[in-house]
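In case you want the letters, here they are:
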Amino acid sequence: MLNIYNTLSKTKEVFKPLDGNKVRMYVCGMTVYDYCHLGHGRSMVAFDLVTRWLRYSGYDLTYVRNITDIDDKIINRANENGESFDALTARMIDAMHEDERRLNILPPDQEPRATDHIAGMHAMIQTLIDKGFAYAAANGDVYYRVGKFVGYGKLSRKKIEDLRIGARIEVDEAKQDPLDFVLWKAVKPGEPSWESPWGPGRPGWHIECSVMSTCCLGESFDIHGGGNDLEFPHHENEIAQSEAATGKQYANSWMHCGMIRINGEKMSKSLNNFFTIRDVLDKYHPEVVRYLLVSSHYRSSINYSEDSLRESKGALERFYHALRGLPRVQAKGGEAYVERFTAAMNDDFGTPEACAVLFDLVREINRLRESEPEAAAGLAARLRELAGLLGVLQLEADDFLRAGAEGKVDAAEVEALIQARLQARADKNWAESDRIRDQITAMGVVLEDSKGATTWRLAD
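Note that the structure is predicted; figures quoted are calculated from it, not measured. (Residues numbered from 1 in each chain as written. Predicted model: local features only at pLDDT ≥ 70, side-chain atom pairs only at ≥ 80, totals over all residues. Heavy atoms only, no water.)

## Some points on the UniProt feature "short sequence motif: 'HIGH' region" (unreviewed entry) in the protein
Working step 1: Taking the numbering used here, the UniProt-annotated feature "short sequence motif: 'HIGH' region" (unreviewed entry) corresponds to residues 30–40.
Working step 2: The span residues 30–40 shows a helical share of 27% and a strand share of 0%, and its end C-alpha atoms are spaced 7 Å apart. (UniProt positions renumbered as here; feature names shortened; annotations may be inferred. Helix = DSSP H or I, 4+ residues; strand = E, 2+ residues; numbered from the N terminus.)

Below is the structure:
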């Protein structure tokens, strides 16, 4: 039985889909004005993990993750680059998809873009105006009337009276209340715009997700997700807009993943303390980065450091060493490990405990590999099966352990030296055997001797 922590209720709840076995999930995606940083990768991997587990558990999942392809940052960056906003976003979307493939992130079932849903935004805004929840201002903007929505703040537990303290209206705004937020922005000189009943302009950020989610999944759906930095005001405003427009509960469960932190601060472009996914992947194997992201609980923050990536690499090396030399067979045995893994994942996607099960499985494989090789091979297949639900451990062992060797060492030369060393050992020429090992070590290669075989990998 799957339990999920619902940010709305602040408790773990038994997951019950709204419509039988069908699950509808919407996750706030990227604003595509630059390359994705590792914080974006954290959110993408977290909900990829949720996707894999829901489907493994037998649910019929529809996963929607949007793209914000128009906003101030996009316009400003396009102007800086001297290119159109849609040329910029097309490049960044292609780059995002490349990053996802490298991190073994499954594509969402639908990936709506804000600029394809302008008409739907007009319709929802007009509905909100008709119901008294929004108003067209004299400056051409349209605002949401926060004070009219009963229950505003129920997701973030913020109170309107507290929010009003210190809130103010900017000089160029025509709000009736400092807390009101923009649904439609009147066009400014040089900006891209769309015609609307209130004059040319473009959508506000919050209305985009309300429209795209309900268009793709219906007025009520099962799970809404995103980073915990979106809880307020973005997700709070989505609830206010959507529920005022439809009169129905918007999302049944809210899931928020933790942030990547650098020296205690959230990794973000605004703070200029970010590492792009491709920067990190230039230095570390994609599985190392993915394991770093899945081995911590999705709701916790991750402190990014070289040490944490080295620990992730070491964990995967331990897994792959256990698989090395064992034939690929059908998974067999290890039912107790499957039960423990399943229990961990069903407890709000408890990946730290699930990873601990994998380490226990590795110890059992290593214990059996000499005395009961067939049993060890069956458990190795089980290890791959369970790790695959986390999106890791799907390579051949040598491919991972020797990753990065190209251009650094000549694999054929290493293999030839290993054979020469094995012959020297067979001849009991220990001095020659030691000399060859020293030669191989000097090449930056580590030899690993086991019963009847010698394998190698690059030194750290």
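## Some thoughts on the environment of Lys248
Working step 1: You can see Lys248 is positioned in the loop between helix H7 (231–246) and strand E10 (251–257).
Working step 2: On a C-alpha basis, the gap between Lys248 and Thr441 in space is 67 Å, while along the polypeptide they are 193 residues apart.
Working step 3: Not counting residues up to four positions away in its chain, the partners in contact with Lys248 are Glu219, Ser220 and Glu243.
Working step 4: There is a polar contact of 2.7 Å between the side chain of Lys248 and the side chain of Glu219. (Contact = heavy atoms within 4.5 Å. Polar contact = N/O pair within 3.5 Å; in protein donor to acceptor, adjacent residues only side chain to side chain.)

## Concerning the sheet that holds strand E4 (residues 60–65)
Working step 1: Read from one edge of the open sheet, 4 strands run E4-E3-E9-E10, paired in parallel fashion. Of all strands in the sheet, those with a lone pairing partner are E4 and E10, marking the two edges. For this sheet the average axis-to-axis angle between neighbouring strands, irrespective of direction, equals 20°.
Working step 2: As defined by bridge partners, strand E3 (residues 22–27) adjoins strand E9 (residues 221–227) across 3 bridges and the pair is classed as parallel. Each bridged residue has a counterpart across the sheet, and for Met25 the counterpart in E9 is Ile223.
Working step 3: Packed onto the sheet, helix H1 (residues 38–56) meets E3, E4, E9 and E10 and runs at close to 165° relative to E4.
Working step 4: Its contacts with the sheet put H7 on E9 and E10, and the angle it makes with E9 is roughly 160°. (Pairing = 2+ DSSP bridges. Axes fitted to C-alpha atoms, helices over the stretch in contact; angles between N-to-C directions.)

## Examining the packing of aromatic side chains
Working step 1: On inspection of all chains with the given rule, the structure shows 16 aromatic pairs.
Working step 2: On the numbers, 6.3 Å between centres and 20° between planes, the contact of Phe133 with Tyr144 is stacked. A residue pair is termed long-range when its members are at least 10 positions apart, and Phe133 in the loop between helix H4 (118–130) and strand E5 (134–136) and Tyr144 in strand E6 (residues 142–144) qualify at 11 residues. Both residues of the pair, Phe133 and Tyr144, count as buried. (Phe/Tyr/Trp six-rings, centres within 6.5 Å; stacked < 30°, edge-to-face > 60°. Buried < 20%, exposed > 50% of the residue type's maximum accessible area, 1.4 Å probe, protein only.)

## Observations regarding the sheet that holds E6
Working step 1: Spatial strand order, E5-E6-E7-E8: 4 strands in an open sheet with antiparallel pairing. Strands with a single pairing partner mark the edges of an open sheet, and in this sheet they are E5 and strand E8 (201–203). The sheet shows a mean angle of 20° between the axes of neighbouring strands, direction not considered.
Working step 2: Pairing analysis gives 3 bridges linking E5 to E6, with the strands arranged antiparallel. Paired with Ala134 across the strands is Tyr144, a residue of E6.
Working step 3: In this fold H4 packs onto E5, E6, strand E7 (181–186) and E8, with an angle of close to 125° to the strand it touches most, E7.

## Quick notes on the pairing of E4
Working step 1: Relative to E4, E3 runs parallel, the two being bridged by 6 bridges. Its bridge partner lying in E4, Met25 is registered against Tyr63.
Working step 2: With H1 bridging E3 and the parallel E4, this β-α-β connection has right-handed handedness. (Right-handed = clockwise from strand over helix to strand, strands pointing away.)

## Some points on the nonpolar core
Working step 1: Tyr144 and Phe341 are the most contacted members of the largest nonpolar core, which totals 128 residues.
Working step 2: Ignoring anything within four residues of it in the chain, the contact list for Tyr144 reads Leu128, Phe133, Ala134, Phe149, Asp180, Phe181, Leu183, Ala240, Gln241 and Ala244.
Working step 3: By size, the runner-up hydrophobic cluster in this structure holds 10 residues, among which are Val409, Ile436, Val445 and Trp456. (Core = buried A, V, L, I, M, F, W, Y, C linked by side-chain atoms within 4.5 Å.)

## Brief notes about the side chain of Ser242
Working step 1: Looking at where Ser242 falls in the secondary structure, it is placed in helix H7.
Working step 2: Polar side-chain contacts of Ser242 include one of 2.8 Å to the side chain of Ser210.
Working step 3: Of the polar contacts made by the side chain of Ser242, one reaches the backbone oxygen of Glu238; its length is 2.8 Å.
Working step 4: Among residues more than four places away in sequence, those in contact with Ser242 are Ser210, Gly247 and Tyr250.

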